[in-house]
Amino acid sequence: MKESNGPNLIRLFGGPGSGKTTALLNEVEGLLDSGIDVKDLLLVSYTRAAATELRERLGSRLEIEPESLRGNVSTMHAKAYELLKLSRKSVVSDSDRKGFCSDRGLEYEEDYKSGGRRTTLSTALGNKVLETSQWIQRTNKSVDDWFDVPFTWDVEKVRYPPDLDPRAQSGNKYTPTWSSGDNRLSIPDLIEQWREYKLENKIVGFADMLEMVHERELIPRVSNLVVDEFQDITKLQYGIYSQWKPQMDNVIIAGDDDQVVYAWQGADPGLLLNEKIGSDRILDNSYRLPSNILEIVGQVIGHVEVRQNKNLKPRTEGGDIEFLPDPSVLDLVRRIKMDVESDKGTLMVLFRARYQMFEFMEEFVKIGIPFSMMTDGNMWTEKLTKYVEAVECYKSGENLSGSQVYLLADILVDSSFGARKREELFDAVHNALKKKNTKDKNQVEFSAEFIRKQIPFMPSPDVASEMIRKVSNYQKRCVKSYFEGEYQDIEHDRVRIGTIHSSKGREADYVYVATDLTEKVVEHMSSEVTGGIEYDPTSKIVPILTDSERRVFYVGMSRAREGLIVMENLIKSAPTLPVEVLLNNEYTGKSIEDLGY
């Protein structure tokens, strides 16, 4: 057991575009230069994508294979998996979730079978129940707090808490809460059943892993701990960090209290701000934001009273700012089309909620412009991009990479292979990798002639959308529109679409941000405001913005390198956050024009 005087602790603050990841890796290299072995260090990041990027960048610096760092650069969940010595069969799978829901008559959306237009109410009930169970664990709440989760529930199917449910019965102490004919579902009961199901089947979910590590006080066998994106760790993860920290010689935590986007999961900027530290590093240059955009986003976040001031300096002078009052979704589609055709650079379109994104996507997908999704694996993904590129390469007679061939073996329908079998193609890729002594599928190539023999009915562009499996109908529509459109020469990541949350750590030349909220977000904000929020569902105007939501919009708006376009009242069915509230923290009813923007 380490002495109780504690580790040397450094806290690194980095605002948007300040090079926080580079600075963090510099600190790590400093530890390694002092004689610490990389195997005596654990670098934890919040998401798998972030951990992968850190592995690649650190591996490049140290001139070693990134894969060799997997045990030392990971998510906290991955480290928990290792400490618990779990196997794949011990972890909750999609079939486990589907089986539980099926046994109870709950609709459940599998990963690749969904993808149609959804609203806050239309997410499958089974998915909501399981995600609510995890949310309770991450936030250290009790099952009784289930209704605080940021979902909207259908009162016709689900019993609300008695004080909120119009069908709840009241009377004396003998009066039952629910009538005998009330057959609606009890979410607390279903959550308890899910927990029992996991115990009976000896399987664990991600939150279960963290709880087990915390309960058993399992400590990684390293003396140096680095935690990136510290502002977004949940209360459950912070509990584990608090157990690990005293056992370390050096601890580095990095983050930005202004960029907390997972408050609903239990992330708390106070955990970063109040952490006892030995020294601070504050990065004060933004290598992304020009002066005009930096000023606007600074105005947005400046209304948060308790925060660490970074005094960021701009990348350059200038920057375009535009506020659009009351645009339609079709207006936005036309704007994006015009920006693409005028070669305006990279574009990012951000929404507060996935159902709002889907409303835009319904129209945008029709024009055939390629795009990448930063959220939702059921729409345009890297897999689809690789697929259409493979179809295009084959058509032009070019060689295909091993990565593309491996994907074709997996994604094409059985009839594509004729009398041959897809396993032959998998074997061909594995043999090529072995022959070249590499694990990187992009390092091996296959000729179009070879593909013609292995896939006798390799699809042409006009039928490419009809010849794939393991994808949603929405994804098939995307592929069909792409090949029918006139934009095959546009880079597939030129336009990126997602929720504000998914934009974290990314940037684009021009960023569109819609200020629409959801009724559940308004509900949550109201619970944080003394006396609640006076929200008129008829006008749909939200007159107040809480600190937690202000940080979310700050993240979205600060992705822009050249231009920022803020859209007020884009999604007509959603609660609307006026630009006046976003910028001035008050609502007087002034229009965007009256505000001088």
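Criteria and thresholds
Position labels on residues start from 1 in each chain and follow its written sequence. Thresholds applied to this predicted model are a pLDDT of at least 70 for local features of residues and 80 or more for the giving and counting of side-chain atom pairs; totals over whole chains, interfaces and linings are not thresholded and use all residues. The basis for the side-chain values is all heavy atoms of the structure; hydrogens and waters are excluded. Note on ring pairs: Phe, Tyr and Trp rings are taken, using the six-membered ring of Trp, and paired if centres are within 6.5 Å. Classes follow the plane angle, with under 30 degrees stacked, over 60 edge-to-face and the rest tilted. Both a distance and an angle decide whether a charge sits over a ring: NZ of Lys or CZ of Arg must be within 6 Å of the ring centre and within 35 degrees of the ring normal. Relative accessible area decides the class of each residue, using a 1.4 Å probe on protein chains only: under 20% of the type maximum gives buried, over 50% gives exposed, and in between gives partly exposed. Numbering of helices and strands runs from the N terminus; a helix is a DSSP stretch of H or I covering at least four residues, while a strand is a stretch of E covering at least two. Note on definitions: a residue-residue contact is assigned when non-hydrogen atoms from the two residues lie within 4.5 Å. Strands are treated as partners if at least two bridges between them are detected by DSSP. To get an axis, fit a line to the C-alpha atoms, keeping to the stretch in contact for a helix; angles then go from 0 to 180 degrees between the N-to-C directions. Using a 1 Å grid laid over the protein atoms alone, points where a 1.4 Å probe fits but cannot get out form a cavity; open sets with protein on both sides within 12 Å along at least 5 of 7 lines form a pocket; any residue with an atom within 4 Å of a point counts as lining. Grid points are joined across faces, edges and corners, and a volume is the space filled by probe spheres set on the points. Ten residue types, Ala, Val, Leu, Ile, Met, Phe, Trp, Tyr, Cys and Pro, are classed as nonpolar, four, Asp, Glu, Lys and Arg, as charged, and the remainder, Gly among them, as polar. A right-handed crossover is one whose linking path, passing over the helix from the first strand to the second, runs clockwise when the strands point away from the viewer. The term salt bridge refers to a pairing of a side-chain nitrogen on Lys or Arg with a carboxyl oxygen on Asp or Glu at a separation within 4 Å. Definition used in this section: a nonpolar core is a set of buried Ala, Val, Leu, Ile, Met, Phe, Trp, Tyr and Cys residues joined via side-chain atoms within 4.5 Å. Throughout the structure description, domain borders are defined by an automatic or database domain assignment.

Moving on, we get to the packing of aromatic side chains. Under the criterion given, the structure shown has 17 aromatic pairs. Members of the aromatic cluster, each reached through a chain of ring pairs, are Trp146, Phe147, Trp153 and Tyr160. Lying over the aromatic face of Tyr406, Lys441 brings its terminal NZ or CZ to 4.7 Å of the ring centre. Sitting over the ring of Phe147, Lys520 keeps its end group 4.3 Å from the ring centre.

Now for helix H12 (residues 354-364). Since the α-helix turns once every 3.6 residues, residues separated by three or four places project in the same direction. For H12, the tally of buried residues reaches 9 of 11 residues, placing the bulk of the element in the interior. Along H12, the positions that sit buried rather than exposed are Tyr355, Gln356, Met357, Phe358, Glu359, Phe360, Met361, Glu362 and Phe364. Those residues of H12 that are buried are in contact with helix H11 (329-341), strand S8 (347-351), strand S9 (372-373), helix H17 (473-484) and strand S12 (495-499).

Spatial ordering of the open sheet is given by S7-S14-S13-S8-S12-S9, a layout of 6 strands whose pairing is parallel. Single-partner strands in this sheet number two, and they are strand S7 (320-325) and S9. Judged from the 5 bridges that link them, S8 and S12 form a sheet pairing that is parallel. Along S12, the bridge assignment pairs Phe351 with Thr499. Each of S7, S8, S12, strand S13 (508-514) and strand S14 (560-568) is contacted by H11, which is oriented at about 160° to S8, the strand it contacts most.

So, about the pairing of S12. Across the 5 residues that make up S12, a large majority, 5, are buried. Across 2 bridges, S9 lies against S12 in parallel orientation. Its bridge partner lying in S12, Met373 is registered against Ile497.

By the definition in use, this model includes 2 cavities of 30 Å³ or more. Considered as a void within the structure, the largest cavity measures approximately 50 Å³ in volume. Considering the residues around the largest cavity, the lining is formed by Val44, Ser45, Tyr46, Thr75, Met76, Val227, Asp228, Ile233 and Gln237. The volume enclosed by the second largest cavity comes to roughly 40 Å³. Together, Val365, Gly368, Ile369, Pro370, Phe371, Trp380, Cys478, Ser481 and Tyr482 line the second largest cavity. Looking at the lining of the second largest cavity residue by residue, the class counts come to 7 nonpolar, 2 polar and no charged.

Strand order in the open sheet formed by 6 strands is S3-S2-S4-S5-S1-S6, and the pairing between neighbours is parallel. Here the strands that pair on one side only, and so sit at the sheet edges, are strand S3 (73-75) and strand S6 (279-283). Sheet twist, expressed as the mean angle between neighbouring strand axes with direction ignored, is 20°. Pairing of strand S4 (residues 224-227) with strand S5 (residues 250-255) involves 4 bridges; the strand directions are parallel. Of the residues in S5, the one forming a bridge with Asn224 is Asn250. Lying on the sheet, helix H1 (residues 20-33) is in contact with strand S1 (8-14), strand S2 (41-45), S4, S5 and S6; it crosses S5 at an angle near 175°.

Taking every second residue as pointing to the same face, both faces of S4 are buried, with Asn224 and Val226 on one and Leu225 and Val227 on the other. Handedness of the crossover joining S4 and S5 through helix H8 (residues 235-244): right-handed.

Scanning all chains against the criterion turns up 43 salt bridges. Where Glu549 meets Arg352, a salt bridge forms, and the shortest distance between an N and an O atom there is 2.7 Å. In this pair, Glu549 sits in helix H19 (residues 547-557) while Arg352 sits in the loop between S8 and H12, placing the two residues 197 residues apart along the sequence. In this structure, Glu484 engages Lys480 in a salt bridge whose closest nitrogen and oxygen atoms are separated by 3.0 Å. Pair noted here: Glu484 and Lys480 are both in helix H17, with a separation of 4 residues, about one helical turn. For Glu484, a relative accessible area of 56% corresponds to the exposed category. Given a relative accessible area of 41%, Lys480 falls into the partly exposed group. Sharing partners across several salt bridges, the network here consists of Lys20, Asp228, Glu229, Asp232 and Lys504.

With 69 residues, the main nonpolar core has Ile336, Phe360, Tyr387, Leu412 and Ile497 as its most contacted residues. Per-element accounting of this core gives the leading share, 7 residues, to helix H13 (residues 382-396). Each of domain 3 (320-376 + 493-595) and domain 4 (382-475) contributes no fewer than three residues to this core. Listed in part, the 37 residues of the second largest apolar core include Leu289, Ala508, Tyr554 and Ile592.

Looking now at the domain arrangement of the protein. Domain parsing of the protein yields domain 1 (8-84 + 210-283), domain 2 (94-202), domain 3 (320-376 + 493-595) and domain 4 (382-475). Taking only C-alpha atoms, the centre of domain 1 and the centre of domain 4 are 38 Å apart.

Unusually for a residue other than glycine, Glu63 sits at a positive phi of about 60°. Glu63 sits in the exposed class, given a relative accessible area of 73%. One non-glycine residue, Asn311, lies in positive phi territory at about 50°. Of note, Asn311 is situated in the loop between helix H10 (291-301) and S7. Given a relative accessible area of 54%, Asn311 falls into the exposed group.

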